[in-house]
Amino acid sequence: MKKIFLLLLFSFSFIDVFALTYGGCDYSVVSRMKSMVTNINLSYDYKIVDNEALFSVTINNLTDEMYFYDTVTNKYYYYRDSNNGEITINNYKVNSGTYKFYSNLDACHGISLGNKYYTFPKYNKYYAHELCSDISNYSLCQKWLDVNYSEEEFKKMVLEYKNQIEEPDEEAVVNIEKTITDKIIEIYINYYYYFLGAIILICSVIIIINNRKNKFKL
């Protein structure tokens, strides 16, 4: 009997908590709408204006049963603002934000259905700098990079990098010269007997020819 009483008490408590949380909205409706929010898709695009990246987000699969709030624009967006469930929000300058979705049904109006998050990469304001024109692979010249250097600091680091790649390393040059010398010595050692034999053969031929010439004159 005690177990039955506790079970009933738990059931009524659950009902009370649900009622306080969702009011007169049926839990199955809320569950269904939350599943619909998971099907919301976000896609991104950008354009560069005055050396600044402006991002846009396109939200797809929005229905008239929901609306959402953008934490960056501080605006609410409804299905009536969309084109068959698609809304594009332009000119984001920040790097991240949140879309908070809510129920638009009368019995469930304002109930939270979940969030969608968006994040954009940091645009490198020095990407199109003239110093980067011939060193596009250099790390500080990449398009998407979080750069906090002043322009003077940026110029200094880029010029230092250019000097490094334009001026050969003296030690490397010495090593190359040593390598060539070592190769010559190695070839000489490995083929010493062949060189010596060739020299002896050539000298012998010359001596024989000279001796024959002298005999002919006599």
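Not measured: the values here are computed from a predicted model.

The rules behind these values
- Residues numbered from 1 in each chain as written.
- Predicted model: local features only at pLDDT ≥ 70, side-chain atom pairs only at ≥ 80, totals over all residues.
- Heavy atoms only, no water.
- Disulfide = S-S within 2.5 Å.
- Helix = DSSP H or I, 4+ residues; strand = E, 2+ residues; numbered from the N terminus.
- Buried < 20%, exposed > 50% of the residue type's maximum accessible area, 1.4 Å probe, protein only.

Counted under the stated rule, the structure contains 2 disulfides. Between the sulfur of Cys-25 and that of Cys-108 lies a disulfide, 1.7 Å long from S to S. Between Cys-25 and Cys-108, the S-S dihedral sits near 85 degrees, and the bridge is therefore right-handed. On the criterion of sequence distance, the pair formed by Cys-25 in the loop between α1 (2-22) and α2 (27-38) and Cys-108 in the loop between β6 (96-103) and β7 (112-119) is long-range, its members being 83 residues apart. The side chain of Cys-132 participates in a disulfide bridge whose partner is Cys-141; the two sulfur atoms lie 2.0 Å from each other. Disulfide Cys-132 to Cys-141: torsion about the S-S bond roughly -75 degrees, handedness left-handed. Described in terms of the sequence order of its bonded cysteines, the disulfide pattern of the protein is 1-2, 3-4.

Attention now goes to unusual backbone geometry. In this structure, Asp-50 takes a positive phi of about 55 degrees despite not being glycine. The residue Asn-51 is not glycine, and still its phi comes out positive at about 60 degrees. Structurally, Asn-51 can be placed in the loop between β1 (41-49) and β2 (52-60). On the accessibility criterion, Asn-51 (37% relative accessible area) is partly exposed.

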